[in-house]
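Given next are the chains, with one letter for each unit.
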Amino acid sequence: ASVRMLIDLHRASNSTAPAVIQGNKVSKIVIVVGTNKLLPNEYWHQNLEFALKLSKALNEVAPGILEGKGIDTVPYRYNQQLMPADIMIEVGGPNSTLPEEHYAVHALAQAIAKLKQEGAIPARP
């Protein structure tokens, strides 16, 4: 099997209050999509499309988990030019606890499983 998505997982640099989901404090998530403003990135539109699908799935699995609109488009590409479905995900921040981050990553895994089940993860070019 070939790689069908790449996730660059980070802790956010800013502090945001956790979400409360099913009675648990859960770190917020932001999906970062690099564009082609500074360097070529032939996949940025596909990455954005995938980020939109992932944010929708996250909202269904864990309503309130996304920080702000959930997707941050930036002029940098962060190696996202390598393939479609190549995204950066920021979880929590400097004041997040490990349990809050575990809950968030668990929700992320559920959202990815949902997309896989729906056939929404793109085939590798």
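Details of the structure are given in the entry above.
Described below are features of the structure shown in this document. (Residues numbered from 1 in each chain as written. Predicted model: local features only at pLDDT ≥ 70, side-chain atom pairs only at ≥ 80, totals over all residues. Heavy atoms only, no water.)

1. Considerations on the nonpolar core
Link 1 in the chain: Membership of the largest hydrophobic core comes to 27 residues, with the highest contact counts inside it found for Ile29, Leu54, Leu58 and Ile65.
Link 2 in the chain: Of all elements in the fold, only strand 2 (19-21), strand 4 (29-34), helix 1 (44-61), strand 6 (86-91) and helix 2 (98-118) reach the threshold of two or more residues within this core.
Link 3 in the chain: In terms of residue count, helix 2 provides more of this core than any other element does, 6 residues in total.
Link 4 in the chain: Discounting residues that sit within four places of it in the chain, Leu54 has contacts with Ile31, Ile87, Ile89, Leu108, Ala111, Ile112 and Leu115. (Core = buried A, V, L, I, M, F, W, Y, C linked by side-chain atoms within 4.5 Å. Buried < 20%, exposed > 50% of the residue type's maximum accessible area, 1.4 Å probe, protein only. Helix = DSSP H or I, 4+ residues; strand = E, 2+ residues; numbered from the N terminus. Contact = heavy atoms within 4.5 Å.)

2. A closer look at the pattern of salt bridges
Link 1 in the chain: Inspection of every chain in the model, using the stated rule, returns 5 salt bridges.
Link 2 in the chain: The closest approach of N and O atoms between Glu60 and Lys56, which form a salt bridge, is 3.0 Å. Here the residue Glu60 and the residue Lys56 both occupy positions in helix 1, the gap between them amounting to 4 residues, near one helical turn.
Link 3 in the chain: Exposure remark for Glu60: the relative accessible area of 41% places this residue in the partly exposed category.
Link 4 in the chain: When salt bridges with common partners are traced through the structure, they connect Lys56, Glu60, Lys114 and Glu118 into a single cluster. (Salt bridge = Lys/Arg side-chain N within 4 Å of Asp/Glu carboxyl O.)

3. Re the packing of helix 1 against helix 2
Packed helix pairs are characterised by how far apart their axes lie and by the angle those axes make with each other.
Link 1 in the chain: Relative orientation of the contacting elements helix 1 and helix 2 amounts to 120°, with a least axis distance of 9 Å. Pair helix 1 / helix 2 crosses with right-handed handedness. Facing Phe50, Lys53, Leu54, Ala57, Leu58, Glu60 and Val61 of helix 1, the residues of helix 2 in contact are Ala107, Leu108, Gln110, Ala111, Ile112, Lys114 and Leu115.
Link 2 in the chain: Each residue belonging to the contact of helix 1 with helix 2 can be placed in one class, and the counts come to 10 nonpolar, 1 polar and 3 charged. (Axes fitted to C-alpha atoms, helices over the stretch in contact; angles between N-to-C directions. Left-handed = near helix turned anticlockwise from the far one by under 90°. Nonpolar A, V, L, I, M, F, W, Y, C, P; charged D, E, K, R; others polar.)

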